[in-house]
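Next come the chains, spelled out residue by residue.
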Number of protein chains: 2
Amino acid sequence: MLRTLWNSRRRPFATAFQRYTALRDSQVQLLERIVGANGLITDADRLSVANTDWTGQFRGNAEIVVVPSSSDEVLQVIQLCVAEHLPLCIQGGNTSLVGGSVPANDELILSTCKLNRILHFDESSGILECEAGCILETLNSYVGQSGYMMPFDLAARGSCMIGGNVATCAGGLHLLRFGPLYAHVLGLEAVSPLEGGQKLNMLSSLRKDNSTLRLTNLFIGSEGQLGIITRLSICTVARPVTRNVALLGCRAFPDCLSLLRLMRIRLGPLLSSVEFMDQDCLDCVKEHLGLNNPIVTQCPFYMLIETMGFDQDNDEVTTLSAVEQCLLQGHAADGVFAESEKQAREIWKLRELISEAFSHDGYNYKYDLSLPMDKYYAIVEECKTIFGRECVRVGAFGHLGDGNIHLNIAAKWPSDLLKQRMDNFVYKWTVENKGSISAEHDNAPP
Amino acid sequence: MLRTLWNSRRRPFATAFQRYTALRDSQVQLLERIVGANGLITDADRLSVANTDWTGQFRGNAEIVVVPSSSDEVLQVIQLCVAEHLPLCIQGGNTSLVGGSVPANDELILSTCKLNRILHFDESSGILECEAGCILETLNSYVGQSGYMMPFDLAARGSCMIGGNVATCAGGLHLLRFGPLYAHVLGLEAVSPLEGGQKLNMLSSLRKDNSTLRLTNLFIGSEGQLGIITRLSICTVARPVTRNVALLGCRAFPDCLSLLRLMRIRLGPLLSSVEFMDQDCLDCVKEHLGLNNPIVTQCPFYMLIETMGFDQDNDEVTTLSAVEQCLLQGHAADGVFAESEKQAREIWKLRELISEAFSHDGYNYKYDLSLPMDKYYAIVEECKTIFGRECVRVGAFGHLGDGNIHLNIAAKWPSDLLKQRMDNFVYKWTVENKGSISAEHDNAPP
């Protein structure tokens, strides 16, 4: 059987593994010498879990999962794999939605799940040092005890691991407020396969260091191309104590942009999320999940606004006043303001369950695009015109504040021909309009 | 005369210019063909200005300044320099304090000052595209008309240029609040000397783009090692409308850290600066400039706290309440709160004039260090013990929130021997304690 080396062009170490071999028993013994018997997973059930991605759409055929418990063990595993020409797939929390965390074929899986030690936390600076296999939610709880918060958040928080978050440059729900991981990750330790395998120590915990080129930044979002992240230091942020949420309806897309601008200027750093949804998304959520849109006035576009702050007395008033100004100035036609955490969660549900609702429509074609603001919704309108008739639904939602749109097209059945036409159109249009076809997920190139 | 190629190890294009030649008339004619007669500066007065750095301590001997007015002209100049083996020095606002912007010898100067066009500003997203020679203050005023602000600020704002800010990864006064330039610079255009000179287009204006390794980040802080930045896109921030400033005195250094932590947690994103000064600094400012310390209680350490926000009604109360809590909990022994913008500026003066005051003490040995929080002041104490007797004053101030300390040692006269002993001690100590000897200025290595 001809085996591809990696399951996407992005897989690490392509140059280091020019030749590769199938796993032999003698090599398994060598691996066991490094990680111990407890560090090898071979039973069928656990292998099946590790070989299957979160969506169930991507499956690998690894015969073994290697679980090193220190970065020295990672180094030895890499050195062995380079020497023996063994391809491997790095796996953290295995929460990738695009097949990035499972083998394409029978590469061995290297799991970072035992690299889960919190190494140091400085309560004055909020700087955390930990291993790559720490779970995001665990870290968040840990620093939360001292009044801090991780500077990003994802729905997969309960199982995704910080090393994978950094390797994929996870964006998440609060990028608008706290900025990208480049702003927070201060240093890394990584194992590179170059020159037979070596450990790179870039583990600075300094917020300012201009003494050399900052290679740490190159590793953020490198998705394994350069090596395996084993440790890192990250600057956490102060944990807010208030949250306010509103949902607003807009009559035209330019109103959404005016609303965004007004919110940014009125609310400044209080603003934690600005999420966009079109009518088709809310229709879909209602149709399949029975969730009602609380806004009475029918609008083509909806905006979810969230603030998070430190002032129990005033944050609600400040947020409400900005929302009212949007209505007064006509940027929004109608709106609701959550008066309790329960109502806030209900509004968020409308946004968070759109993907699930779309899956009930049939087969889904999904695109995760970054687009310039003035082109943000234009692609959706074009898709409606071109593909609307032969599909069940064309809708879009996303992080308007970050220029990131999730375009969803639902059809009754999968069709390779339709997919090809869609890919061709969407990717070409996106590139021509200076967007990116891989905003926060690592989409495979067309 | 043997000429060094560049005035520091950091100078660009070292590999591209293996051999170099003195400037010939025929080459000047070739340069003139690219930039026109107006694009060449040769008169003595203007040459002298371009050859002298801001401190007056560093001087070059360039015979010509080349001033391209487009990135295409920059490209042609670089191609010519590579082909003709002409070394060059890139100059923006020439505000470097460490000789980084003037030639070491007679390299020609390439000035970016005519690359000063604002190319695009998106009012919804706050994303600005401009050329590298735009002055920071000009950009700040421009985006200010739409309620935005540049995400960093420097004392040199009136003359420093955005290309140089990015090339040196300028930190500045608000890093604590807005984060480093990595968080804001979205894309770059640069001219690299590789392969005879080429333009690199990394000019994305997307807040999220995971489609490839983000080379833009590698250029930030690369100080010309990789090429000349010609254009960039940067994400601005909403412009705050309130400012509150307090000065607090602490009895021991651990109290400064507790105070920092409390401020971060109580004030969250309202906090814009946390600046540290020791008693020696304030003594020096009083002695030479007559500025009185408004805090009556004698303290070894002082902390300047600044908040910037959007809530005219409440920000002052919120800041004051956090300051009071510090006093109640004993983190601070005494303090003053500015009741007007005038008082705020007076408090800031104490901090901003320390460098000038030290210069009146005699010859200054200056170190710009990043240190882990628990080691932040320890080096100053060691220096007092070792060098205190033979010097006039040892004092330190800096951005405590960023772990960045400016150590100043004043002696009556310059002494090469003392400098060597000091360098040896400070650099060794800093490296041993996992600090950086180049926090925000590009200090020459020991």
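Note that the structure is a prediction, hence the values are computed from the model and not measured.

1. Regarding the nonpolar core
Ile162(A) and Ile162(B) are the most contacted members of the largest nonpolar core, which has 58 residues in total. Apart from the residues lying within four places of it in its own chain, the contact partners of Ile162(A) are Cys130(A), Glu131(A), Ala132(A), Cys134(A), Leu139(A), Met150(A), Phe152(A), Leu232(A) and Ile234(A).

2. Section: the sheet that holds strand 1 (residues 40-41) of chain B
All names here are of chain B. Taken in spatial order, the 4 strands make up an open sheet running 1-2-4-3, and their pairing is mixed. Unpaired on one side and paired on the other, strand 1 and strand 3 (88-91) mark the two borders of the sheet. Sheet analysis places strand 3 next to strand 4 (residues 108-111), joined by 4 bridges and oriented parallel. Directly across from Leu 88, in strand 4, lies its bridge partner Leu 108.

3. Some remarks on the domain arrangement of chain A
Residue and element names in this part refer to chain A. Looking at the assigned domains, one finds that chain A contains domain 1 (27-111), domain 2 (118-238) and domain 3 (242-433). Facing 12 residues of domain 1, the contacting portion of domain 2 comprises 15 residues. Taking both partners together, domain 1 and domain 2 bury about 1,100 Å²; carbon and sulfur atoms supply 71% of that area. Contact with domain 2 buries area across many residues of domain 1, yet Ser 71, Leu 75 and Thr 95 alone supply 38% of it, more than any other trio. For the pair domain 1 and domain 2, the interface holds 1 salt bridge. Note that Lys 199 is salt-bridged to Asp 72, the shortest N-O span being 2.7 Å. Applying the counting rule to domain 1 against domain 2 returns 3 residue pairs in polar contact (both at pLDDT 80 or more). Broken down by class, the residue content of the side of domain 1 that touches domain 2 amounts to 6 nonpolar, 5 polar and 1 charged.

4. Quick notes on the side chain of Glu306(B)
Residue and element names in this part refer to chain B. In this structure, Glu 306 sits in strand 14 (residues 301-309). One polar contact links Glu 306 to Arg 243, side chain to side chain, over a distance of 2.9 Å. At a separation of 3.0 Å, a polar atom in the side chain of Glu 306 contacts the side chain of Trp 348. Ignoring any residue separated from it by four or fewer positions in sequence, one finds Glu 306 in contact with His 174, Arg 243, Asn 244, Val 245, Leu 270, Leu 271, Ser 272, Ser 273 and Trp 348.

5. Remarks on the sheet that holds strand 4 (residues 108-111) of chain A
Residue and element names in this part refer to chain A. Taken in spatial order, the 4 strands of this open sheet run 1-2-4-3, and their pairing is mixed. Single-partner strands in this sheet number two, and they are strand 1 (40-41) and strand 3 (88-91). Against the sheet, helix 3 (residues 71-84) makes contact with strand 2 (65-66), strand 3 and strand 4, and its axis sits at roughly 160° relative to strand 4, the strand it touches most.

6. A closer look at helix 3 of chain A
All names here are of chain A. Compared with the 20 Å implied by 1.5 Å per residue over 14 residues, the 20 Å span of helix 3 between its first and last C-alpha is a close match. Taken as a whole, helix 3 has its buried residues at Ser 71, Glu 73, Val 74, Leu 75, Val 77, Ile 78, Leu 80, Cys 81 and Val 82. In the segment just after helix 3, His 85 is the residue with positive phi, at about 60°.

Cut-off values and rules
- Residues numbered from 1 in each chain as written.
- Chains lettered and ligands numbered in written order.
- Predicted model: local features only at pLDDT ≥ 70, side-chain atom pairs only at ≥ 80, totals over all residues.
- Heavy atoms only, no water.
- Core = buried A, V, L, I, M, F, W, Y, C linked by side-chain atoms within 4.5 Å.
- Buried < 20%, exposed > 50% of the residue type's maximum accessible area, 1.4 Å probe, protein only.
- Contact = heavy atoms within 4.5 Å.
- Pairing = 2+ DSSP bridges.
- Helix = DSSP H or I, 4+ residues; strand = E, 2+ residues; numbered from the N terminus.
- Domains from an automatic or database assignment.
- Buried area = accessible area lost by both parts, 1.4 Å probe.
- Salt bridge = Lys/Arg side-chain N within 4 Å of Asp/Glu carboxyl O.
- Polar contact = N/O pair within 3.5 Å; in protein donor to acceptor, adjacent residues only side chain to side chain.
- Nonpolar A, V, L, I, M, F, W, Y, C, P; charged D, E, K, R; others polar.
- Axes fitted to C-alpha atoms, helices over the stretch in contact; angles between N-to-C directions.
- Expected span 1.5 Å × (residues − 1).

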